Amino acid sequence: MATSATAWLGVWVPRSQGVLRIVVAFLYLQHGTAKLFHVPHVAMFDNLQLMSLIGVAGILEVVGSVLLLIGLFTRPVAFILSGQMAVAYFMYHAAQGHVLTPMLNQGESAVLFCFIFLFFAAAGAGAWAVDTMRAAPRA
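As the structure is a prediction and not an experimental result, all values here were calculated from the model.

Quick look at the environment of Ala121
Thought 1: By secondary structure assignment, the location of Ala121 is in helix 4 (residues 108-123).
Thought 2: Separated by 32 residues in the primary sequence, Ala121 and Tyr89 place their C-alpha atoms 19 Å from one another.
Thought 3: Discounting chain neighbours no more than four positions away, the residues touching Ala121 are Arg75, Ala78 and Phe79.

So, in structure tokens, the structure goes:
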């Protein structure tokens, strides 16, 4: 019985990891497109300067999300985005107070993105990724 469970996990863990990567990248992409392209429209980004701190964050979010979505350079991109979210949390959310309670400073998504990206930096892309195809032995 343990063998069938191990075989099941061997098949589904990389697939689950791939689905998580794709969904998280899609959600994160929306943060960048809201900043840079106003889609979806978020009023606080209406007069955003591209070379401001938030503008550069938008560039990182769009480029990083697209790379994560296709699973290219997943580990280094995820590491950079994890750091970006840590900086966002401590510079913006934690500065509002309640450092240890992100629910009270609206920093929950920053913390979640930070640790999900850190997971991908450590574990890799999972299934359905360019990185995985590049690493596969060629016949």
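Right, picking up where we left off after that structure.
Notes on helix 3 (residues 74-93)
Thought 1: In this model helix 3 runs 26 Å from its N-terminal to its C-terminal C-alpha over 20 residues, within 8% of the 28 Å that 1.5 Å per residue would give.
Thought 2: Every buried residue of helix 3 is accounted for by Thr74, Val77, Ala78, Leu81, Ser82, Gln84, Met85, Tyr89 and His93. Across the axial projection of helix 3, the buried residues extend over an arc of 160°, all falling on one side. Turned more than 90 degrees away from the buried face of helix 3 sit Phe79, Phe90 and Met91, all of them exposed.

Some remarks on a nonpolar patch on the surface
Thought 1: On the surface, a cluster of nonpolar side chains totalling about 940 Å² of accessible area is made up of Leu50, Met51, Val56, Ile59, Leu60, Val63, Phe79, Ile80, Phe115 and Leu118.
Thought 2: For the nonpolar patch, the secondary structure elements donating two or more residues are helix 2 (53-70), helix 3 and helix 4.
Thought 3: Of all the elements, helix 2 adds the most residues to the nonpolar patch, at four residues.
Thought 4: When you line up the elements, Leu50 lands in the loop between helix 1 (2-36) and helix 2.

Comments concerning unusual backbone geometry
Leaving glycine aside, a negative phi is the common case for residues, and trans is the common case for peptide bonds.
Thought 1: Between Val39 and the following residue, Pro40, the backbone shows a cis peptide bond with an omega angle of -5°.
Thought 2: One can find Pro40 in the loop between helix 1 and helix 2.
Thought 3: Phi is positive for His98, close to 60°, though the residue is something other than glycine.
Thought 4: Position of His98 among the secondary structure elements: in the loop between helix 3 and helix 4.
Thought 5: According to the relative accessible area criterion, His98 is partly exposed, its value standing at 46%.
Thought 6: In the Ramachandran plot, Gln106 falls in the positive-phi region, its phi being about 60° despite a non-glycine side chain.
Thought 7: Assignment of secondary structure puts Gln106 in the loop between helix 3 and helix 4.

Calculation criteria
- Residues numbered from 1 in each chain as written.
- Predicted model: local features only at pLDDT ≥ 70, side-chain atom pairs only at ≥ 80, totals over all residues.
- Heavy atoms only, no water.
- Helix = DSSP H or I, 4+ residues; strand = E, 2+ residues; numbered from the N terminus.
- Contact = heavy atoms within 4.5 Å.
- Expected span 1.5 Å × (residues − 1).
- Buried < 20%, exposed > 50% of the residue type's maximum accessible area, 1.4 Å probe, protein only.
- Arc of directions from axis to C-beta.
- Patch = residues over 30% accessible without salt bridge, like charges linked within 9 Å, V, L, I, M, F, W, Y side chains within 5 Å.
- Areas by Shrake-Rupley, 256 points an atom, 1.4 Å probe, with all protein chains shown as cover.
- Salt bridge = Lys/Arg side-chain N within 4 Å of Asp/Glu carboxyl O.

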